[in-house]
Amino acid sequence: MIGDGTIPALPRGVRLREDQARGGFTLMAPERVLKLDPIANEVLKRVDGTATIAMIVDDLARTFAADRTQIDSDVKSMLQGLADKRLLDLTADD
Amino acid sequence: MTDDMAIDPPLGLLAELTHRCPLSCPYCSNPENLDRRSGELDTGTWKRVFTEAAALGVMQVHLSGGEPTARPDIVGITAHCRDVGLYTNLITSGINVAGAKLDALADAGLDHVQISFQGDISDRADHVSGMQGSHARKLELAAQVTGLGLPLTVNAVIHRGNADRVREMVQFAVDLGARRIEIAHVQYYGWALRNRDALMPTAEQVRSSTAAVEQARADFAGRIVIDAVVPDYYARRPKPCVGGWGRRSLNVTPAGKVLPCHAAETIPHLTFPNVRDQSLSDIWHHSHAFNAYRGTDWMAEPCRSCDRREVDFGGCRCQALAMTGDAAATDPACQLSAFHARMIELAETAVAEVEASPLDTEYDYRRFL
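Student: I tried to follow the packing of helix α1 (residues 38-45) of chain A against helix α3 (residues 68-84) of chain A on my own but got confused; where do I start?
Tutor: When two helices pack together, you describe them by how their axes are tilted relative to each other and by the distance separating the axes. Residues and elements named next belong to chain A. Where α1 contacts α3, the two axes come as close as 11 Å, and the packing angle between them is 80°. The orientation of α1 with respect to α3, classified from their angle, is roughly perpendicular. The residues of α3 that touch α1, namely those facing Ala40, Val43 and Leu44, are Val75, Met78, Leu79 and Leu82. Looking at the contact of α1 with α3 residue by residue, the classes come out as 7 nonpolar, no polar and no charged.

Student: What's the story with the sheet that holds strand β2 (residues 60-64) of chain B in this structure? I'm lost.
Tutor: Backbone-to-backbone hydrogen bonds join strands into a sheet, with any given pair of strands oriented parallel or antiparallel. Residues and elements named next belong to chain B. What the 9 strands build is an open sheet, ordered β7-β6-β5-β4-β3-β2-β1-β8-β9; its pairing is mixed. With one partner strand each, in any of the chains shown, β7 (225-229) and β9 (258-259) form the two edges of the open sheet. Sheet strands touched by helix α2 (residues 74-83): β2 and β3 (87-92). Its angle to β2, the strand with the most contacts, is close to 175°. Strand contacts of helix α5 (residues 134-147): β3, β4 (112-117) and β5 (152-158), with the helix running at about 160° to β4, the strand carrying the most contacts.

Student: Help me out: how do you make sense of the packing of aromatic side chains in this one?
Tutor: Each aromatic ring pair is summarised here by two numbers: the centre-to-centre distance and the angle between the ring planes. Residues and elements named next belong to chain B. Inspection of the entire model under this criterion finds 6 aromatic pairs over all chains. Ring centres of Phe117 and Phe172 lie 5.1 Å apart, and the angle between their planes is 80°; this geometry places the pair in the edge-to-face category. One end of the pair, Phe117, is in strand β4; the other, Phe172, is in helix α6 (residues 166-176), and 55 residues separate them in sequence. Per residue, the accessibility class of Phe117 equals that of Phe172, and both read buried. Among the aromatic side chains, those forming a connected cluster through ring pairs are Trp245, Tyr293 and Trp298. Note that Lys138 overlies the ring of Phe117, its terminal NZ or CZ placed 6.0 Å from the centroid. Above the ring of Trp284, the side-chain terminus of Arg294 is found at 4.8 Å from the ring centroid.

Student: Sorry, what's going on with helix α9 (residues 203-219) of chain B here?
Tutor: Along an α-helix, a turn takes 3.6 residues, which lines up residues three or four apart on a common side. Residue and element names in this part refer to chain B. For α9, with 17 residues, the first-to-last C-alpha span of 24 Å sits near the 24 Å given by 1.5 Å per residue. All of the buried residues along α9 are Gln205, Val206, Ser209, Ala212, Val213 and Ala216. An end-on view of α9 places all buried positions within 125° of arc, on one side of the element. Facing away from the buried side of α9 by more than 90 degrees, the exposed set consists of Arg207 and Ala218. Next to the buried residues of α9 lie α6, β6 (180-185) and β7.

Student: Honestly, the environment of Leu90(B) in this entry has me stumped. Any pointers?
Tutor: In this structure, Leu90(B) sits in strand β3. As for Leu90(B) and Leu110(B), which are separated by 20 residues in sequence, their C-alpha atoms are 7.5 Å apart.

Student: Please clarify how unusual backbone geometry should be interpreted in this entry.
Tutor: Residues other than glycine predominantly adopt negative phi, and peptide bonds predominantly adopt the trans conformation. Residue and element names in this part refer to chain B. Of note, the amide linkage connecting Gly65 to Gly66 takes the cis form, showing an omega dihedral of 5°. In this structure, Gly66 sits in the loop between β2 and α2. Residue Pro302 is bonded to the preceding Glu301 through a cis peptide linkage, with omega at 5°. Residue position: Pro302 is located in the loop between α11 (288-292) and α12 (309-312).

Student: Quick question: what am I supposed to make of α5(B) here?
Tutor: Residues and elements named next belong to chain B. Between the first and last C-alpha of α5 there are 20 Å, a value that for 14 residues agrees with the 20 Å anticipated at 1.5 Å per step. Restricting attention to buried positions, one finds in α5 the residues Ser134, His135, Lys138, Leu141, Ala142, Gln144 and Val145. Summarising the contacts, the buried residues of α5 are in contact with β3, α3 (100-107), β4, α4 (122-129), β5 and α6. Of the residues flanking the end of α5, it is Gly149, one or two places downstream, whose phi is positive at about 85°.

Reading the values: the criteria
Residues numbered from 1 in each chain as written. Chains lettered and ligands numbered in written order. Predicted model: local features only at pLDDT ≥ 70, side-chain atom pairs only at ≥ 80, totals over all residues. Heavy atoms only, no water. Axes fitted to C-alpha atoms, helices over the stretch in contact; angles between N-to-C directions. Helix = DSSP H or I, 4+ residues; strand = E, 2+ residues; numbered from the N terminus. Parallel < 35°, antiparallel > 145°, perpendicular 65-115°, else oblique. Contact = heavy atoms within 4.5 Å. Nonpolar A, V, L, I, M, F, W, Y, C, P; charged D, E, K, R; others polar. Pairing = 2+ DSSP bridges. Phe/Tyr/Trp six-rings, centres within 6.5 Å; stacked < 30°, edge-to-face > 60°. Buried < 20%, exposed > 50% of the residue type's maximum accessible area, 1.4 Å probe, protein only. Lys NZ or Arg CZ within 6 Å of the ring centre and 35° of its normal. Expected span 1.5 Å × (residues − 1). Arc of directions from axis to C-beta.

What follows is the structure, encoded as C-alpha coordinates:
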(Lines give C-alpha, C1' and ligand atoms only; values in the text may rest on other atoms or scores of the structure.)
Protein backbone atom coordinates (compact mmCIF):
# COMPACT_ATOMS: atom_id res chain seq x y z
CA MET A 1 0.00 0.00 0.00
CA ILE A 2 0.98 3.58 -0.58
CA GLY A 3 2.60 5.52 2.26
CA ASP A 4 4.41 8.83 2.85
CA GLY A 5 7.78 7.29 2.01
CA THR A 6 6.60 5.48 -1.12
CA ILE A 7 8.36 6.58 -4.30
CA PRO A 8 6.08 6.50 -7.35
CA ALA A 9 7.60 6.12 -10.80
CA LEU A 10 6.20 5.85 -14.30
CA PRO A 11 7.37 2.51 -15.70
CA ARG A 12 8.81 2.21 -19.19
CA GLY A 13 5.99 2.47 -21.72
CA VAL A 14 3.96 4.94 -19.65
CA ARG A 15 4.55 8.62 -20.28
CA LEU A 16 3.03 12.08 -20.12
CA ARG A 17 2.34 13.87 -23.37
CA GLU A 18 0.73 17.12 -24.33
CA ASP A 19 -2.25 16.65 -26.64
CA GLN A 20 -1.95 19.52 -29.09
CA ALA A 21 -4.96 18.48 -31.17
CA ARG A 22 -7.44 18.36 -28.28
CA GLY A 23 -5.64 20.44 -25.62
CA GLY A 24 -4.42 19.41 -22.20
CA PHE A 25 -2.17 16.56 -21.16
CA THR A 26 -2.56 12.80 -21.43
CA LEU A 27 -0.97 9.76 -19.89
CA MET A 28 0.08 7.42 -22.68
CA ALA A 29 0.16 3.72 -21.85
CA PRO A 30 -0.33 0.35 -23.57
CA GLU A 31 -3.64 0.63 -25.48
CA ARG A 32 -4.64 3.54 -23.22
CA VAL A 33 -4.76 7.29 -23.68
CA LEU A 34 -5.87 8.80 -20.37
CA LYS A 35 -6.91 12.43 -20.53
CA LEU A 36 -5.61 14.16 -17.41
CA ASP A 37 -7.46 16.87 -15.57
CA PRO A 38 -5.23 19.80 -14.49
CA ILE A 39 -4.86 18.39 -10.96
CA ALA A 40 -3.78 14.91 -12.13
CA ASN A 41 -1.31 16.59 -14.46
CA GLU A 42 0.20 18.62 -11.59
CA VAL A 43 0.59 15.42 -9.56
CA LEU A 44 2.16 13.38 -12.37
CA LYS A 45 4.53 16.21 -13.34
CA ARG A 46 6.06 15.69 -9.90
CA VAL A 47 6.43 11.91 -10.28
CA ASP A 48 10.09 11.67 -11.29
CA GLY A 49 11.17 8.37 -9.76
CA THR A 50 13.01 10.07 -6.87
CA ALA A 51 10.40 12.15 -5.01
CA THR A 52 8.46 10.46 -2.21
CA ILE A 53 4.72 10.86 -1.74
CA ALA A 54 5.37 13.21 1.18
CA MET A 55 7.62 15.42 -0.96
CA ILE A 56 5.06 15.53 -3.77
CA VAL A 57 2.25 16.44 -1.35
CA ASP A 58 4.39 19.10 0.36
CA ASP A 59 5.22 20.68 -2.97
CA LEU A 60 1.59 20.70 -4.11
CA ALA A 61 0.36 22.16 -0.79
CA ARG A 62 2.98 24.91 -1.04
CA THR A 63 2.47 25.69 -4.70
CA PHE A 64 -1.31 25.87 -4.49
CA ALA A 65 -1.57 27.12 -0.87
CA ALA A 66 -4.05 24.31 -0.23
CA ASP A 67 -5.02 22.05 2.67
CA ARG A 68 -2.28 19.43 3.02
CA THR A 69 -4.55 16.76 4.52
CA GLN A 70 -6.93 16.93 1.58
CA ILE A 71 -4.10 16.87 -0.97
CA ASP A 72 -2.45 13.94 0.80
CA SER A 73 -5.62 11.89 0.59
CA ASP A 74 -6.33 12.83 -3.05
CA VAL A 75 -2.77 12.12 -4.23
CA LYS A 76 -2.58 8.73 -2.52
CA SER A 77 -5.95 7.69 -3.88
CA MET A 78 -5.13 8.79 -7.43
CA LEU A 79 -1.70 7.16 -7.51
CA GLN A 80 -2.95 3.91 -5.96
CA GLY A 81 -5.61 3.81 -8.71
CA LEU A 82 -2.91 4.12 -11.39
CA ALA A 83 -0.77 1.45 -9.70
CA ASP A 84 -3.75 -0.93 -9.64
CA LYS A 85 -3.96 -0.49 -13.43
CA ARG A 86 -0.21 -1.23 -13.76
CA LEU A 87 0.40 2.33 -14.96
CA LEU A 88 2.61 3.27 -12.02
CA ASP A 89 5.34 1.52 -10.04
CA LEU A 90 5.44 2.03 -6.27
CA THR A 91 8.61 1.38 -4.32
CA ALA A 92 9.21 1.86 -0.59
CA ASP A 93 11.74 4.50 0.45
CA ASP A 94 14.72 2.96 2.23
CA MET B 1 -20.31 16.98 -42.70
CA THR B 2 -17.73 19.06 -44.47
CA ASP B 3 -16.66 21.24 -41.55
CA ASP B 4 -13.34 19.84 -40.30
CA MET B 5 -13.97 21.21 -36.82
CA ALA B 6 -17.19 19.21 -36.46
CA ILE B 7 -15.27 15.93 -36.76
CA ASP B 8 -13.13 14.86 -33.82
CA PRO B 9 -9.57 13.87 -34.69
CA PRO B 10 -8.63 10.17 -34.47
CA LEU B 11 -6.70 8.88 -31.45
CA GLY B 12 -5.28 5.68 -32.88
CA LEU B 13 -3.92 4.38 -36.17
CA LEU B 14 -3.55 0.70 -36.97
CA ALA B 15 -0.78 0.35 -39.54
CA GLU B 16 -0.85 -3.00 -41.30
CA LEU B 17 2.71 -2.70 -42.54
CA THR B 18 2.56 -6.02 -44.38
CA HIS B 19 0.25 -8.98 -44.71
CA ARG B 20 3.20 -11.39 -44.79
CA CYS B 21 3.30 -13.57 -41.68
CA PRO B 22 5.04 -16.80 -40.67
CA LEU B 23 1.85 -17.97 -38.91
CA SER B 24 -1.41 -18.99 -40.56
CA CYS B 25 -4.00 -18.65 -37.79
CA PRO B 26 -7.48 -19.60 -39.02
CA TYR B 27 -9.05 -16.48 -37.44
CA CYS B 28 -6.56 -14.00 -38.92
CA SER B 29 -8.03 -10.49 -39.01
CA ASN B 30 -6.40 -9.75 -42.37
CA PRO B 31 -8.70 -9.86 -45.41
CA GLU B 32 -9.01 -13.10 -47.37
CA ASN B 33 -7.51 -11.31 -50.34
CA LEU B 34 -4.08 -10.53 -48.88
CA ASP B 35 -1.85 -7.75 -50.22
CA ARG B 36 1.37 -9.06 -51.72
CA ARG B 37 4.85 -7.72 -51.00
CA SER B 38 5.10 -6.08 -54.42
CA GLY B 39 2.09 -3.90 -53.62
CA GLU B 40 3.30 -2.68 -50.22
CA LEU B 41 3.93 1.01 -49.50
CA ASP B 42 7.59 2.04 -49.48
CA THR B 43 9.40 3.36 -46.41
CA GLY B 44 9.08 7.02 -47.38
CA THR B 45 5.34 6.79 -47.86
CA TRP B 46 4.84 5.10 -44.49
CA LYS B 47 6.90 7.82 -42.82
CA ARG B 48 4.75 10.49 -44.46
CA VAL B 49 1.63 8.69 -43.25
CA PHE B 50 2.89 8.74 -39.66
CA THR B 51 3.88 12.40 -39.87
CA GLU B 52 0.41 13.25 -41.17
CA ALA B 53 -1.22 11.07 -38.52
CA ALA B 54 0.55 12.89 -35.69
CA ALA B 55 -0.44 16.25 -37.17
CA LEU B 56 -4.04 15.07 -37.45
CA GLY B 57 -4.15 14.27 -33.72
CA VAL B 58 -3.31 10.56 -33.62
CA MET B 59 -1.63 9.74 -30.30
CA GLN B 60 -0.92 6.01 -30.63
CA VAL B 61 0.19 3.95 -33.58
CA HIS B 62 -0.18 0.19 -33.69
CA LEU B 63 2.52 -1.32 -35.89
CA SER B 64 0.82 -4.47 -37.03
CA GLY B 65 0.44 -6.82 -39.95
CA GLY B 66 0.77 -9.67 -40.79
CA GLU B 67 4.06 -9.71 -39.01
CA PRO B 68 5.29 -6.09 -38.98
CA THR B 69 8.92 -7.06 -38.36
CA ALA B 70 8.95 -8.91 -41.68
CA ARG B 71 9.64 -5.47 -43.13
CA PRO B 72 13.37 -4.72 -43.15
CA ASP B 73 12.62 -1.04 -42.41
CA ILE B 74 10.71 -1.72 -39.17
CA VAL B 75 13.37 -0.12 -36.94
CA GLY B 76 13.52 3.07 -39.02
CA ILE B 77 9.72 3.27 -39.11
CA THR B 78 9.55 2.89 -35.32
CA ALA B 79 12.17 5.59 -34.78
CA HIS B 80 10.26 7.91 -37.11
CA CYS B 81 7.01 7.35 -35.20
CA ARG B 82 8.73 8.33 -31.97
CA ASP B 83 10.32 11.37 -33.64
CA VAL B 84 6.89 12.71 -34.60
CA GLY B 85 5.56 12.10 -31.07
CA LEU B 86 3.54 8.93 -31.52
CA TYR B 87 3.25 6.21 -28.87
CA THR B 88 4.36 3.04 -30.61
CA ASN B 89 2.81 -0.39 -30.07
CA LEU B 90 4.32 -3.40 -31.80
CA ILE B 91 1.69 -6.05 -32.46
CA THR B 92 3.64 -9.17 -33.29
CA SER B 93 3.42 -12.90 -33.81
CA GLY B 94 6.69 -13.08 -31.91
CA ILE B 95 8.46 -15.02 -34.66
CA ASN B 96 11.89 -13.81 -35.84
CA VAL B 97 11.89 -10.80 -33.51
CA ALA B 98 13.90 -11.95 -30.47
CA GLY B 99 17.54 -10.97 -30.21
CA ALA B 100 19.17 -8.04 -31.98
CA LYS B 101 15.95 -6.95 -33.73
CA LEU B 102 14.06 -6.34 -30.48
CA ASP B 103 17.08 -4.59 -28.98
CA ALA B 104 17.19 -2.26 -31.99
CA LEU B 105 13.44 -1.60 -31.75
CA ALA B 106 13.73 -0.80 -28.04
CA ASP B 107 16.61 1.57 -28.75
CA ALA B 108 14.50 3.22 -31.46
CA GLY B 109 11.94 4.11 -28.79
CA LEU B 110 9.37 1.35 -29.03
CA ASP B 111 6.87 1.86 -26.19
CA HIS B 112 4.98 -1.43 -25.90
CA VAL B 113 4.99 -4.97 -27.25
CA GLN B 114 1.90 -7.11 -27.75
CA ILE B 115 2.53 -10.77 -28.56
CA SER B 116 -0.21 -13.05 -29.82
CA PHE B 117 -0.35 -16.37 -28.00
CA GLN B 118 -2.51 -19.14 -29.46
CA GLY B 119 -2.75 -20.88 -26.08
CA ASP B 120 -0.80 -21.76 -22.97
CA ILE B 121 0.04 -25.34 -24.04
CA SER B 122 2.58 -25.56 -26.84
CA ASP B 123 1.15 -28.40 -28.97
CA ARG B 124 -2.35 -26.93 -28.92
CA ALA B 125 -1.00 -23.44 -29.64
CA ASP B 126 1.15 -24.67 -32.55
CA HIS B 127 -1.84 -26.51 -34.02
CA VAL B 128 -3.77 -23.21 -34.17
CA SER B 129 -0.88 -21.09 -35.48
CA GLY B 130 -0.07 -23.70 -38.11
CA MET B 131 3.63 -23.54 -37.27
CA GLN B 132 5.53 -26.13 -35.29
CA GLY B 133 7.70 -24.58 -32.60
CA SER B 134 6.01 -21.17 -32.75
CA HIS B 135 4.94 -21.17 -29.10
CA ALA B 136 8.49 -21.70 -27.84
CA ARG B 137 9.75 -18.78 -29.94
CA LYS B 138 7.06 -16.51 -28.53
CA LEU B 139 8.16 -17.43 -25.01
CA GLU B 140 11.72 -16.48 -25.88
CA LEU B 141 10.62 -13.06 -27.13
CA ALA B 142 8.36 -12.44 -24.11
CA ALA B 143 11.29 -13.03 -21.77
CA GLN B 144 13.42 -10.55 -23.67
CA VAL B 145 10.63 -7.92 -23.65
CA THR B 146 10.13 -8.06 -19.89
CA GLY B 147 13.89 -8.30 -19.35
CA LEU B 148 14.25 -4.93 -21.12
CA GLY B 149 11.54 -3.46 -18.86
CA LEU B 150 9.21 -2.91 -21.82
CA PRO B 151 5.51 -3.39 -21.11
CA LEU B 152 4.20 -6.69 -22.45
CA THR B 153 0.63 -7.50 -23.44
CA VAL B 154 -0.43 -11.07 -24.08
CA ASN B 155 -3.06 -11.23 -26.79
CA ALA B 156 -5.13 -14.38 -26.41
CA VAL B 157 -7.75 -15.04 -29.06
CA ILE B 158 -10.44 -17.28 -27.60
CA HIS B 159 -12.34 -19.98 -29.51
CA ARG B 160 -13.69 -23.47 -28.96
CA GLY B 161 -10.22 -25.03 -28.81
CA ASN B 162 -9.02 -22.93 -25.85
CA ALA B 163 -12.12 -21.38 -24.23
CA ASP B 164 -11.75 -23.84 -21.34
CA ARG B 165 -8.33 -22.41 -20.47
CA VAL B 166 -8.99 -18.72 -19.84
CA ARG B 167 -7.94 -18.94 -16.20
CA GLU B 168 -4.74 -20.73 -17.19
CA MET B 169 -4.04 -18.11 -19.89
CA VAL B 170 -4.22 -15.30 -17.33
CA GLN B 171 -1.90 -17.21 -14.99
CA PHE B 172 0.41 -17.85 -17.94
CA ALA B 173 0.53 -14.11 -18.74
CA VAL B 174 1.21 -13.22 -15.09
CA ASP B 175 4.06 -15.74 -15.03
CA LEU B 176 5.52 -14.18 -18.18
CA GLY B 177 5.54 -10.79 -16.41
CA ALA B 178 2.90 -9.25 -18.69
CA ARG B 179 1.24 -6.10 -17.39
CA ARG B 180 -1.84 -6.67 -19.53
CA ILE B 181 -3.76 -9.45 -21.26
CA GLU B 182 -6.42 -9.26 -23.94
CA ILE B 183 -8.96 -12.04 -23.77
CA ALA B 184 -10.55 -11.57 -27.17
CA HIS B 185 -13.21 -13.90 -28.46
CA VAL B 186 -12.98 -14.44 -32.22
CA GLN B 187 -14.88 -11.94 -34.37
CA TYR B 188 -16.50 -13.70 -37.29
CA TYR B 189 -15.64 -12.14 -40.62
CA GLY B 190 -12.98 -12.89 -43.20
CA TRP B 191 -10.85 -15.92 -42.30
CA ALA B 192 -12.72 -16.51 -39.05
CA LEU B 193 -16.04 -16.63 -40.88
CA ARG B 194 -14.61 -19.36 -43.14
CA ASN B 195 -13.67 -21.26 -39.99
CA ARG B 196 -16.74 -20.42 -37.95
CA ASP B 197 -17.88 -24.00 -37.50
CA ALA B 198 -14.44 -25.00 -36.20
CA LEU B 199 -13.96 -21.97 -33.93
CA MET B 200 -17.36 -21.20 -32.42
CA PRO B 201 -17.43 -21.88 -28.67
CA THR B 202 -20.41 -23.56 -27.04
CA ALA B 203 -22.81 -21.50 -24.95
CA GLU B 204 -21.49 -23.31 -21.87
CA GLN B 205 -17.90 -22.42 -22.80
CA VAL B 206 -18.89 -18.77 -23.19
CA ARG B 207 -20.54 -18.77 -19.77
CA SER B 208 -17.63 -20.45 -18.03
CA SER B 209 -14.98 -18.35 -19.79
CA THR B 210 -16.81 -15.13 -18.86
CA ALA B 211 -16.97 -16.29 -15.24
CA ALA B 212 -13.26 -17.20 -15.40
CA VAL B 213 -12.42 -13.65 -16.52
CA GLU B 214 -14.36 -12.15 -13.60
CA GLN B 215 -12.71 -14.49 -11.13
CA ALA B 216 -9.24 -13.79 -12.54
CA ARG B 217 -9.86 -10.02 -12.34
CA ALA B 218 -10.49 -10.40 -8.62
CA ASP B 219 -7.65 -12.84 -7.98
CA PHE B 220 -5.00 -10.96 -9.96
CA ALA B 221 -6.08 -7.38 -9.13
CA GLY B 222 -3.13 -4.99 -9.24
CA ARG B 223 -0.90 -7.59 -10.94
CA ILE B 224 -2.33 -7.67 -14.45
CA VAL B 225 -4.96 -5.72 -16.36
CA ILE B 226 -7.47 -7.93 -18.15
CA ASP B 227 -9.22 -6.46 -21.17
CA ALA B 228 -11.93 -8.83 -22.37
CA VAL B 229 -13.89 -8.78 -25.62
CA VAL B 230 -17.18 -10.65 -25.20
CA PRO B 231 -18.33 -12.94 -28.00
CA ASP B 232 -20.88 -11.25 -30.25
CA TYR B 233 -22.89 -14.33 -31.05
CA TYR B 234 -23.96 -14.68 -27.44
CA ALA B 235 -24.26 -10.95 -26.66
CA ARG B 236 -27.42 -8.94 -25.98
CA ARG B 237 -26.05 -5.57 -27.01
CA PRO B 238 -23.52 -4.86 -29.74
CA LYS B 239 -20.05 -3.48 -29.18
CA PRO B 240 -19.26 0.04 -30.38
CA CYS B 241 -17.04 -1.36 -33.11
CA VAL B 242 -13.79 0.67 -33.31
CA GLY B 243 -15.44 3.14 -30.92
CA GLY B 244 -17.80 4.30 -33.67
CA TRP B 245 -17.19 4.46 -37.41
CA GLY B 246 -14.72 7.26 -38.29
CA ARG B 247 -14.77 8.47 -34.72
CA ARG B 248 -11.63 7.35 -32.90
CA SER B 249 -9.38 5.33 -35.16
CA LEU B 250 -8.33 4.43 -38.66
CA ASN B 251 -6.48 1.64 -40.39
CA VAL B 252 -3.97 1.76 -43.23
CA THR B 253 -3.47 -1.44 -45.26
CA PRO B 254 -0.09 -2.61 -46.62
CA ALA B 255 -1.01 -1.18 -50.03
CA GLY B 256 -2.08 2.16 -48.57
CA LYS B 257 -5.87 1.95 -48.44
CA VAL B 258 -7.37 3.81 -45.49
CA LEU B 259 -10.21 2.04 -43.68
CA PRO B 260 -12.38 2.93 -40.67
CA CYS B 261 -11.76 -0.61 -39.36
CA HIS B 262 -9.64 -3.53 -40.50
CA ALA B 263 -12.61 -5.46 -41.88
CA ALA B 264 -14.29 -2.56 -43.71
CA GLU B 265 -13.28 -3.87 -47.14
CA THR B 266 -15.91 -6.59 -46.74
CA ILE B 267 -18.48 -3.85 -47.48
CA PRO B 268 -18.46 -3.98 -51.27
CA HIS B 269 -20.24 -0.73 -52.13
CA LEU B 270 -17.65 1.45 -50.37
CA THR B 271 -14.54 2.68 -52.16
CA PHE B 272 -11.60 3.31 -49.86
CA PRO B 273 -9.15 6.13 -50.55
CA ASN B 274 -5.41 5.56 -50.69
CA VAL B 275 -2.59 7.47 -48.97
CA ARG B 276 -0.74 7.44 -52.28
CA ASP B 277 -3.38 9.81 -53.68
CA GLN B 278 -4.64 11.88 -50.75
CA SER B 279 -3.56 13.19 -47.37
CA LEU B 280 -4.72 11.38 -44.26
CA SER B 281 -6.54 14.52 -43.08
CA ASP B 282 -8.43 14.81 -46.36
CA ILE B 283 -9.43 11.16 -46.14
CA TRP B 284 -10.48 11.38 -42.48
CA HIS B 285 -12.61 14.49 -42.94
CA HIS B 286 -13.95 14.35 -46.47
CA SER B 287 -14.01 10.83 -47.90
CA HIS B 288 -17.34 9.18 -48.63
CA ALA B 289 -16.16 5.97 -46.94
CA PHE B 290 -15.44 7.66 -43.59
CA ASN B 291 -18.63 9.72 -43.65
CA ALA B 292 -20.88 6.81 -44.73
CA TYR B 293 -21.57 5.55 -41.19
CA ARG B 294 -20.16 8.37 -39.11
CA GLY B 295 -22.35 9.76 -36.32
CA THR B 296 -26.02 8.74 -36.19
CA ASP B 297 -27.67 10.33 -39.27
CA TRP B 298 -27.33 7.16 -41.37
CA MET B 299 -29.20 4.98 -38.88
CA ALA B 300 -32.56 3.31 -39.42
CA GLU B 301 -34.80 1.92 -36.68
CA PRO B 302 -34.38 0.45 -34.12
CA CYS B 303 -31.06 2.34 -33.82
CA ARG B 304 -32.32 5.78 -34.85
CA SER B 305 -34.48 6.33 -31.76
CA CYS B 306 -32.48 4.12 -29.39
CA ASP B 307 -31.06 5.78 -26.28
CA ARG B 308 -27.86 3.78 -26.80
CA ARG B 309 -27.24 5.09 -30.33
CA GLU B 310 -24.26 7.16 -29.16
CA VAL B 311 -23.05 4.39 -26.85
CA ASP B 312 -22.67 1.54 -29.33
CA PHE B 313 -23.21 3.42 -32.63
CA GLY B 314 -25.30 0.54 -33.95
CA GLY B 315 -22.47 -1.98 -33.49
CA CYS B 316 -20.39 -3.47 -36.28
CA ARG B 317 -21.18 -2.50 -39.90
CA CYS B 318 -19.30 -5.48 -41.28
CA GLN B 319 -21.22 -7.94 -39.15
CA ALA B 320 -24.51 -6.24 -40.05
CA LEU B 321 -23.69 -6.69 -43.72
CA ALA B 322 -22.50 -10.27 -43.34
CA MET B 323 -25.65 -11.38 -41.53
CA THR B 324 -28.41 -9.17 -42.91
CA GLY B 325 -27.09 -8.12 -46.32
CA ASP B 326 -27.38 -4.45 -45.30
CA ALA B 327 -24.36 -2.65 -43.85
CA ALA B 328 -26.66 0.08 -42.44
CA ALA B 329 -28.78 -2.39 -40.46
CA THR B 330 -28.58 -2.84 -36.70
CA ASP B 331 -25.79 -5.24 -35.75
CA PRO B 332 -27.49 -8.63 -35.16
CA ALA B 333 -25.54 -8.90 -31.89
CA CYS B 334 -28.22 -6.51 -30.57
CA GLN B 335 -31.29 -8.22 -29.18
CA LEU B 336 -33.43 -5.51 -30.82
CA SER B 337 -32.28 -6.69 -34.27
CA ALA B 338 -34.76 -8.79 -36.25
CA PHE B 339 -31.78 -11.06 -37.09
CA HIS B 340 -30.72 -11.65 -33.46
CA ALA B 341 -32.48 -15.01 -33.18
CA ARG B 342 -30.88 -16.11 -36.45
CA MET B 343 -27.45 -15.24 -35.04
CA ILE B 344 -28.00 -17.36 -31.93
CA GLU B 345 -29.26 -20.19 -34.10
CA LEU B 346 -26.08 -20.00 -36.21
CA ALA B 347 -23.93 -20.18 -33.10
CA GLU B 348 -25.84 -23.18 -31.82
CA THR B 349 -25.73 -25.08 -35.12
CA ALA B 350 -22.03 -24.38 -35.54
CA VAL B 351 -21.21 -26.29 -32.39
CA ALA B 352 -23.49 -29.27 -32.85
CA GLU B 353 -20.38 -31.44 -32.56
CA VAL B 354 -17.35 -30.70 -30.39
CA GLU B 355 -14.11 -32.52 -31.09
CA ALA B 356 -12.75 -34.99 -28.54
CA SER B 357 -9.44 -33.09 -28.55
CA PRO B 358 -8.62 -29.55 -29.77
CA LEU B 359 -5.79 -31.16 -31.75
CA ASP B 360 -8.39 -32.90 -33.92
CA THR B 361 -10.02 -29.68 -35.11
CA GLU B 362 -9.46 -29.13 -38.82
CA TYR B 363 -8.92 -25.54 -39.88
CA ASP B 364 -8.87 -23.74 -43.20
CA TYR B 365 -5.60 -21.92 -42.47
CA ARG B 366 -4.92 -18.39 -43.62
CA ARG B 367 -2.80 -18.26 -46.79
CA PHE B 368 -2.28 -16.36 -50.03
CA LEU B 369 -5.16 -17.52 -52.22
